[in-house]
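Take a look at the letters that make up each chain.
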Amino acid sequence: MTASARRLTLPVEGMTCASCTGRVERVLKRVPGVQAVAVNLATGRATVDLTPDNDPAALAEAVEDAGYAVPEAVSDLAVAGMTCASCTNRVERVLKAVPGVRAASANLATGRVTVRHPAGLVPLDALEAAVREAGYEPRPVTAEPDAPAAPREAETLTRDLILAALLSLPVVVLDMGGHLGGHLAGGHGLLPGAWSAGIQAVFATLVLAGPGRRFFVRGVPGLLRGHPDMNALVALGAGAAYLFSLVATLAPGWLPAGAAHVYFEASVLIVTLILLGRSLEARARGRTGAAVARLVGLAPKTALAVRDGAETEVPVAELAVGDAVRIRPGERVPADGRVIEGASRIDESMLTGEPVPVAKKPGDPVTGGTVNGTGALTVRVERVGADTALAQIVRMVEAAQGAKLPIQALADRVTAWFVPAVLALALLTALTWLVLAPAPALGLALVHAVAVLIIACPCAMGLATPTSIMVGTGRAAERGILFRSGAGLQSLEEVRVVAFDKTGTLTEGRPTLTDLIPAPGFDAETVLALAAAVEARSEHPIARAIVAAAAAKGLDLPPVSEVAAVPGHGITGRAGGHAVAVGAARHLAGLDLSGLAPEAERLAGQGRSPLYLAVDGVPAAVMAVSDPIKPGAAAAVRALTGRGLAVALVTGDDRRTAEGVARALGIATVLAEVLPAGKRDAVRSLREAHGPVAFVGDGINDAPALAEAETGLALGTGTDVAVESADVVLMAGDPATVAEALRLSRAVMRNIRQNLFWAFAYNVALIPVAAGGLRMVGGPSLSPVLAAGAMALSSVFVVGNALRLRRA
């Protein structure tokens, strides 16, 4: 590798042989700037020496054009110094300009940036350098979840606020005295004019150079680079008032006659009031992240490990998979694991939102952070650290909180041009007053221009969406509802039809065999043993019900072979020398089932699932399996229909059984006997009939429908595949929480719209007032001090409005 080249290592997916590695090497060598390539089939990685002036994204494109894939990676950065929507836009722009970066999303409320790029092609130091060049300070995000940094920020701001207020007090007192006794030209206030102005200048200098220094340090460089932000507006406003006053104090002859007024009180109060607003805002934002902080705090710090037969208290961070830990009554479970000794009841409300403790015995799983009841347990650790369910929940909530919703796109487009537009408006305001106002007009021009600069801060716009998302998703997590993406909040609000899977979603998913009616010439126990022998090779809930029924009767199962399952139909095999087929009527197509059909219809009318059994090609019995409806299912359907939503049942079960369950729950639309691949088509048909669809499921066969729907909701008690395909996870496994998730989604979106309206309306209404529009028609002016107070109030209002969601 030459001194000028940099070495990049990227994973390549899809390579299966030596010819694959040769093809990848060839396409990479053709990329401009590539000096050397080495591809390793065993590790699935390509090492490339690339000259710095070439785009590494071209490497990923070349690999993908060759038919292989470079997986996408996500880098997270904490960025200090972002104070408004212009800041987040600026950070996003500089990161998107880094070669190889595909997307960047900055969140003002969390102070974090998420960057997407091809794995291995964008080093973290390149991202950090871009952030620093933009005038902000990057900080790495640790893998372990941590409490929000907002309280520390609030402490710093409060300290600076107190200092600014103490230094501003003499300026305000002297200015008030000056107004009582006359102006600098010859008034007799608390002190002679020159002395008063001089003392005000000293204290104003201390305020701007001390607590107000942050605005100039961050605002002036951005202004010089052509990317002004909120700090630039404050620096220009406070700085202009300060410099004008300094000239009026030290060289009044430079100003037109009668214009030598001092505005030191405006410069210091602008700084003080904005610090007050930021301090209140930081404290409020600290409360928006309280849900994550509480989740983080659920993890105990120590655990009682059993090593070499003795109990030893060790830090939880030192636990390893396979360790045994003792959990005494009332203690929190230190890590995810499985009970190996003892019995107790565990409070899992932090996971599910359900207050009733869950009984635990040997073999049952337990989750770190949950609270043990009155019994003592010994648990074998299965997951630790970042792999625990609690850590994954925290990451999921943080990911949702850091997401941008489609509704935020408008605010982003506006704020991208907002600050430059404000600067132009301030300049236009000054010129207008200089031209139209009677002499001396310089003071009036300055006052109104500064007021425009200060009042038109885009802080509220930047906070309007993320603060509501933070509070809303945090509140949802406390209720056992996990939004895996922020976009799920908006899409759930827009749904017009909710489609439920049946088994395991609306029903318990633990069916039992309720009826077995043999055909003439067949014995009930014999056919049950044959059916159970074949079904023992299946993991389907109905199969387990049949096997359990045979076990309950103590039947001996014959040996089986040639077992084959047909998803959505049934199962076949040889048992005890007989050909056995068990399944729905469609599975036994071609056989004469008319003798058993009346019984099947009767059982289906009772809401049970009829199954046929054939032995050696002859119908031998009809069986019925019943799956109890979950207690919260009927309430869920009533709540959804009460909100004007259509509710549908989509299931692979027999139509008559599905209709029986639907009648019991009050569901009007039933799509039954739907194969797993057909559930996606069912979602599409519901969309055509009603509009956006939410699908609720729990099984592997629900994954296509969960992915196809506008919003997929998976029960946390379901399969990992279903959870990964969903936008929302309902940890309790209770369908009643679907309505609760919908209520939260609507509350959050309503809150966001209120915030955005306030942020935009505030600027639309008050910028003309700050520019002196009312004064031109004989009304009052808005002073820079009042403008600073109003600006601070707007941000505090937006955050305070978002905090109302904590009671949702």
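Predicted model only: the values in this text are computed from it and were never measured.

Caption draft 1: View of the overall build of the protein chain. Along the backbone of the protein chain there are 27 helices and 29 strands. A burial count over the protein chain gives 52% of its 808 residues as buried. When contacts within the protein chain are restricted to residue pairs at least 6 apart in sequence, those whose partners lie at least 24 apart make up 69%. Counting every atom, the protein chain has about 33800 Å² of accessible surface; 59% of that belongs to carbon and sulfur.

Caption draft 2: Spotlight on the pattern of salt bridges. On inspection of all chains with the given rule, the structure shows 24 salt bridges. Across the pair R328 and E331 runs a salt bridge whose closest N-O atoms are separated by 2.8 Å. With a shortest N-O distance of 3.6 Å, K361 and D364 are connected by a salt bridge. Salt bridges here are not isolated pairs; linked through shared partners, they connect D681, R684, R687, E708 and E710.

Caption draft 3: Geometry of the environment of W433. In this structure, W433 sits in helix α13 (residues 408-436). Between the C-alpha atoms of W433 and G772, which are 339 residues apart in sequence, the distance is 8.7 Å. In this structure W433 touches A441, L444, A445, H448, A771, G772, R775 and M776, once residues within four positions along its chain are discounted.

Caption draft 4: How the structure looks around the packing of helix α3 (residues 85-96) against helix α4 (residues 124-133). Put simply, α3 and α4 touch, their axes get as near as 9 Å, and they point 135 degrees apart. As far as their axial angle goes, α4 and α3 are oblique. Viewed along their axes, α3 and α4 form a crossing whose handedness is right-handed. Where α3 approaches α4, its residues R90, V94 and L95 are matched on the opposing element by L127, A130, V131 and E133. Considered class by class, the residues forming the contact of α3 with α4 number 5 nonpolar, no polar and 2 charged.

Caption draft 5: Layout of the UniProt feature "transmembrane region" (unreviewed entry) in the protein chain. Feature annotation in UniProt places "transmembrane region" (unreviewed entry) on residues 161-181, 193-211, 232-254, 260-277, 414-436, 442-465, 756-776 and 782-803, given in this structure's numbering. As annotated, residues 756-776 has a helix share of 90% and a strand share of 0%, and its two end C-alpha atoms lie 30 Å apart.

Caption draft 6: Focus on a nonpolar patch on the surface. A grouping of L427, L431, L434, V435, L436, L774, M776 and V777 is seen on the molecular surface, where their side chains present a nonpolar patch of about 820 Å² in accessible area. Sorting the residues of the nonpolar patch by element identifies α13 and α26 (773-776) as the ones contributing at least two each. Take L427: it is sitting in helix α13. For L427, a relative accessible area of 54% gives the class exposed.

Caption draft 7: Main features of the pairing of strand β22 (residues 578-583). Where strand β21 (residues 570-575) meets β22, 6 bridges bridge the pair, whose relative direction is antiparallel. The residue bridging I571 from the neighbouring strand is V582, located in β22. In this antiparallel pair of consecutive strands, β21 and β22, the connection spans 2 residues, and G576 shows a positive phi of 60 degrees. One ladder, built from 4 bridges, connects β22 with strand β23 (residues 609-615); its direction is antiparallel. Looking across to β23, one finds that A581 is bridged to A614.

Caption draft 8: View of the sheet that holds strand β19 (residues 512-518). Overall, antiparallel pairing links the 6 strands, which are arranged β19-β24-β23-β22-β21-β20 in an open sheet. With one partner strand each, in any of the chains shown, β19 and β20 (560-566) form the two edges of the open sheet. Strand-to-strand twist of the sheet, defined as the mean angle between neighbouring strand axes without regard to direction, takes the value 20 degrees. In the sheet, β19 pairs with strand β24 (residues 618-626) via 6 bridges, with the strands oriented antiparallel. When the sheet's bridge partners are listed, T512 is paired in β24 with S626. Set on the sheet, helix α17 (residues 524-535) makes contact with β19, β20, β21, β22, β23 and β24; between it and β21 the angle comes to about 110 degrees.

Caption draft 9: The packing of aromatic side chains, seen in detail. Taken as a whole and assessed by the stated rule, the structure comprises 2 aromatic pairs. For the ring pair Y242 and F264, a centre distance of 5.9 Å and an interplane angle of 65 degrees mean the geometry is edge-to-face. You can see Y242 sitting in helix α8 (residues 230-250) and its partner F264 sitting in helix α9 (residues 264-288), a full 22 residues away along the chain. Here Y242 and F264 have matching classes, each one buried. Seen from their ring centres, W758 and F797 are 4.5 Å apart, and the 40 degrees between their planes marks the pair as tilted. Of this pair, W758 sits in helix α25 (residues 736-770) while F797 sits in helix α27 (residues 784-803), and the two are 39 residues apart along the sequence.

Caption draft 10: How the structure looks around the environment of A69. Topologically, A69 is positioned in the loop between α2 (57-65) and β4 (72-80). By relative accessible area, which is 27% here, A69 ends up partly exposed. Separated by 56 residues in the primary sequence, A69 and E13 have C-alpha atoms spaced 5.0 Å apart. Residue contacts for A69: discarding those within four places in its chain leaves P11, V12, E13, V63 and E64.

Caption draft 11: A look at the nonpolar core. Formed by 126 residues in total, the largest nonpolar core has its most connected members in M82, L95, I274, I455, L640 and L713. If we ignore the near neighbours within four places in the chain, the residues touching L95 are V101, A104, V113, V115, L127, A130 and V131. Listed in part, the 27 residues of the second largest apolar core include A532, V534, A549 and M623.

Criteria and cut-off values
- Residues numbered from 1 in each chain as written.
- Predicted model: local features only at pLDDT ≥ 70, side-chain atom pairs only at ≥ 80, totals over all residues.
- Heavy atoms only, no water.
- Helix = DSSP H or I, 4+ residues; strand = E, 2+ residues; numbered from the N terminus.
- Buried < 20%, exposed > 50% of the residue type's maximum accessible area, 1.4 Å probe, protein only.
- Contact = heavy atoms within 4.5 Å.
- Areas by Shrake-Rupley, 256 points an atom, 1.4 Å probe, with all protein chains shown as cover.
- Salt bridge = Lys/Arg side-chain N within 4 Å of Asp/Glu carboxyl O.
- Axes fitted to C-alpha atoms, helices over the stretch in contact; angles between N-to-C directions.
- Parallel < 35°, antiparallel > 145°, perpendicular 65-115°, else oblique.
- Left-handed = near helix turned anticlockwise from the far one by under 90°.
- Nonpolar A, V, L, I, M, F, W, Y, C, P; charged D, E, K, R; others polar.
- UniProt positions renumbered as here; feature names shortened; annotations may be inferred.
- Patch = residues over 30% accessible without salt bridge, like charges linked within 9 Å, V, L, I, M, F, W, Y side chains within 5 Å.
- Pairing = 2+ DSSP bridges.
- Phe/Tyr/Trp six-rings, centres within 6.5 Å; stacked < 30°, edge-to-face > 60°.
- Core = buried A, V, L, I, M, F, W, Y, C linked by side-chain atoms within 4.5 Å.

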